[in-house]
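Descriptive analysis of the structure
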Amino acid sequence: MTNKEKIAEFIVSTEKSFTLVNLWPFLEYILLVNIFHQYSLQKLNKYDGFIISKKVFYDYMPLEERKKRINKAKIEALLPYVEKLTDNVDENLLKDMYRNLSTVKFKKKRMLLLLGLAGTFDARKNSLSYSLNSSIGHELLHLASACYLGKNKGAQVGFRQGKGMVNIGGGLNEGYTELLSSRIYTDNKVECYHKEVRIAKLFEFFFDDPKDMQKYYFRHNLPGFINYMQQYIPRKKLINILAKLDYINQISTLLPGMAPFKNIQISLDLYRYFLKTNPSVKKRLAFERVLKENKLVELALNHEKMSLQRNVTPFTNNKIRQIPQGYSRRQVA
């Protein structure tokens, strides 16, 4: 849950009489302080070893037993979304969904619209709230990939892990959640988190089968995802990329002009690491097509390719991709 969503949850849950007009300057101040705090942690590189837990909770109860514990009448409005999800995702990855559905608090809250929110999911309370039906699929995916470990251990939700007000992986988590939601529920129409969705697509290219990325997401296994990606990107650099994406996710709603530069940085970093380790011209072209979905990134990509071309020697057969330092010929051939 983002800071803005936490504020929204507070507003719709309280019974005190106040107006958003009077309260909003104070709420924006809190939001900016939290963003600054998280960005400071990124700069100090405090994420690794502090927030990224090596322990990932796994539910050992049999799937069928979990399914029996659900009161279908209680979550009747959710069932069409659940059925569509099970049609598109290996049900063995959805045990957390069935566990959470057995105790979920599910409610429509129109007041969320006052903050421009279509829906929220709170892992601590196992609470799914929505103002628009179109948001239910996205929030159900959060529920399906969530595990709350307790006050002192924090929550694991998809690719996000956190303790208190500090978390990492939120940007990638929102991007990948919306990417899956668009594929499952809205006929590939992305409705929010456009920058984060595009970055999530780029990460999929590092998998032989893009669906393998789902295994880490639905098992809320950020450490496993990081360990997998380390064969392509150094750990410290990868965590830095995740932190930058978190920054984009947090700041873009308030200060959209701050996001494009980091968006370009992340995109080109992933492109460079992809070229170093992937020999497929077909996949490279597909990777570039995703990059070009953003015009500013496309301009930066063209400049990057021109720089690479200037460095081509006669021995590279005029190919853009070169053998980088620290990589064997077998890895890039």
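Refer to the preceding data block for the structure.
On a predicted model such as this, the values are computed, not experimentally measured, just so you know. Here the residue numbering is sequential within each chain, running from 1 through the sequence in written order. Owing to the predicted nature of the model, reporting of local features is limited to residues with pLDDT of at least 70; listing and counting of side-chain atom pairs is limited to 80 or more, with chain, interface and lining totals taken over all residues. By convention in this description, side-chain values take in all heavy atoms of the structure and omit both hydrogens and water.

Before going further, it helps to spend a moment on the overall build of the protein. A tally of regular secondary structure across the protein gives 15 helices and seven strands. Exposure classes here rest on a 1.4 Å probe applied to the protein chains alone. A residue is buried below 20% of its type maximum, exposed above 50%, and partly exposed in between. Of all 333 residues assigned to the protein, the portion counted as buried reaches 50%. Taking contacts inside the protein between residues at least 6 apart in sequence as the whole, the part at least 24 apart equals 65%. Element-wise, carbon and sulfur atoms account for 54% of the exposed surface of the protein, whose accessible area totals about 17,100 Å². The helix count covers DSSP runs of H or I at least four residues long, the strand count covers runs of E at least two residues long, and both are numbered beginning at the N terminus. Any pair of residues with heavy atoms lying within 4.5 Å of one another is described as a contacting pair. In these tables, accessible area is a Shrake-Rupley quantity obtained with a 1.4 Å probe, and a residue counts as shielded only by the protein chains included in the view.

So, on to the packing of aromatic side chains. Describing an aromatic ring pair means giving the distance of the ring centres and the angle of the ring planes. Pairs were defined over the aromatic rings of Phe, Tyr and Trp, the Trp ring being its six-membered one, requiring ring centres within 6.5 Å. Orientation was assigned from the angle between planes: stacked under 30 degrees, edge-to-face over 60, tilted for the rest. Applying the stated criterion across every chain yields a total of 22 aromatic pairs. Aromatic pair F159 and Y176: ring centres 5.5 Å apart, planes at 65 degrees, arrangement edge-to-face. Here Y176 lies in helix 7 (residues 170-185) and F159 lies in the loop between strand 5 (154-157) and strand 6 (160-163), a separation of 17 residues in the sequence. For the residue pair F159 and Y176, the accessibility class agrees, reading buried in each case. Each ring, one from F159 and one from F225, has its centre 4.9 Å from the other, and the planes form 50 degrees; the classification is tilted. Remark: F225 occurs in helix 10 (residues 222-229) and F159 occurs in the loop between strand 5 and strand 6; sequence separation between them is 66 residues.

Now for the side chain of K95. Tracing the sequence through the fold places K95 in helix 5 (residues 95-101). Despite being buried, K95 has no salt bridge partner; D59 is the closest side chain of opposite charge, sitting 5.1 Å away. In this structure the side chain of K95 is engaged in a polar contact, spanning 2.8 Å, whose partner is the backbone oxygen of M61. Among all residues touching K95, those that are not within four sequence positions of it are Y58, D59, Y60, M61, P62, L63 and R66. Here Asp and Glu are counted as negative and Lys and Arg as positive; His is not counted, and neither are the chain ends. Any Lys or Arg side-chain nitrogen located within 4 Å of an Asp or Glu carboxyl oxygen qualifies as a salt bridge. Under this definition, polar contacts are N or O atom pairs within 3.5 Å; protein pairs additionally need one hydrogen-donor-capable and one acceptor-capable atom, and for neighbouring residues in sequence, both atoms have to be side-chain atoms.

A separate point is the pairing of strand 5. Alternating residues of strand 5 divide into G154 and Q156 and A155 and V157, and every residue in both groups is buried. Paired strands, in this sense, are two strands between which DSSP finds at least two bridges. Here strand 4 (residues 146-150) runs beside strand 5; their pairing, made up of four bridges, is antiparallel. Its bridge partner being in strand 5, C147 is matched across the sheet by Q156. Alignment of strand 5 against strand 6, held across three bridges, turns out to be antiparallel. Bridge pairing in strand 6 places A155 opposite G162. As consecutive antiparallel partners, strand 5 and strand 6 are separated by two residues, and within that stretch G158 has a phi angle of approximately 60 degrees, a positive value.

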